[in-house]
Amino acid sequence: MARHAKKVSWEARESLRSFEQVLEAATPEEEATLIANLCALIRQRDPDTIENHNLMGFDLPFLEHRARVLKVPLHLGRTGVPNVWNHMTRRDQQDLIA
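All of the points below concern the structure found in this document. (Residues numbered from 1 in each chain as written. Predicted model: local features only at pLDDT ≥ 70, side-chain atom pairs only at ≥ 80, totals over all residues. Heavy atoms only, no water.)

Focus: the packing of helix 1 (residues 31-45) against helix 2 (residues 55-70)
Between helix 1 and helix 2, whose axes approach to 10 Å, the crossing angle comes to 125°. Our classification of the angle between helix 1 and helix 2 gives oblique. In the crossing of helix 1 with helix 2, the sense of the turn from one axis to the other is left-handed. Within the contact between the two elements, helix 1 uses Glu31, Ala32, Ile35 and Leu38 and helix 2 uses Leu63, Arg66, Ala67 and Leu70. (Axes fitted to C-alpha atoms, helices over the stretch in contact; angles between N-to-C directions. Helix = DSSP H or I, 4+ residues; strand = E, 2+ residues; numbered from the N terminus. Parallel < 35°, antiparallel > 145°, perpendicular 65-115°, else oblique. Left-handed = near helix turned anticlockwise from the far one by under 90°. Contact = heavy atoms within 4.5 Å.)

What follows is the structure, given as structure tokens:
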């Protein structure tokens, strides 16, 4: 059974302003809606950067994997889907979903 993240924290800096919002899924059944809402929020706010401690090493690959499993379109940012998963080694992919 895959791990279920109950909270996603997202912070974007826009010029001198800061924005933070916490999105939550109370149940595993709400995870697809959480991912869709996160994508909508990112597209709406249109940040120049998204900062996180391990964004490329864990968070985006994990998000991409969960979106793929749940069949949720992962449309982030101005260019669409970050193809992080395909740039990971097979071992890293397995560690991520274990």
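Here we look at helix 2
Among the residues of helix 2, those classed as buried are Leu60, Pro61, Phe62, Leu63, Glu64, His65, Arg66 and Ala67. After helix 2 finishes, the residue Lys71 shows a positive phi value of roughly 60°. (Buried < 20%, exposed > 50% of the residue type's maximum accessible area, 1.4 Å probe, protein only.)

A few points about the packing of aromatic side chains
Scanning the model with the defined rule gives one aromatic pair in all. Relative to Phe62, the ring of Phe58 has its centre 5.3 Å away and its plane inclined at 10°; by these criteria the two rings are stacked. Pair noted here: Phe58 and Phe62 are both in helix 2, with a separation of four residues, about one helical turn. The exposure class of Phe58 is partly exposed, given its relative accessible area of 29%. For Phe62, a relative accessible area of 12% gives the class buried. (Phe/Tyr/Trp six-rings, centres within 6.5 Å; stacked < 30°, edge-to-face > 60°.)

Topic: the environment of Pro61
One can find Pro61 in helix 2. Taking C-alpha positions, Pro61 is 9.6 Å from Asp92, a pair spaced 31 residues apart along the chain.

A word on the pattern of salt bridges
Evaluation of the coordinates by the stated rule reveals two salt bridges. For Arg66, the salt bridge goes to Glu31, with nearest N and O atoms at 2.8 Å. Taken together, the residues Arg66 in helix 2 and Glu31 in helix 1 connect sequence positions 35 residues apart. Each member of the pair, Arg66 as well as Glu31, is classed as buried. Residues Glu64 and Arg68 are paired through a salt bridge, measuring 3.9 Å at the closest nitrogen-oxygen approach. Taken together, the positions of Glu64 and Arg68, both in helix 2 and four residues apart, correspond to about one turn of that helix. By relative accessible area, which is 5% here, Glu64 ends up buried. Of the residues examined, Arg68 reaches a relative accessible area of 44% and is grouped as partly exposed. (Salt bridge = Lys/Arg side-chain N within 4 Å of Asp/Glu carboxyl O.)

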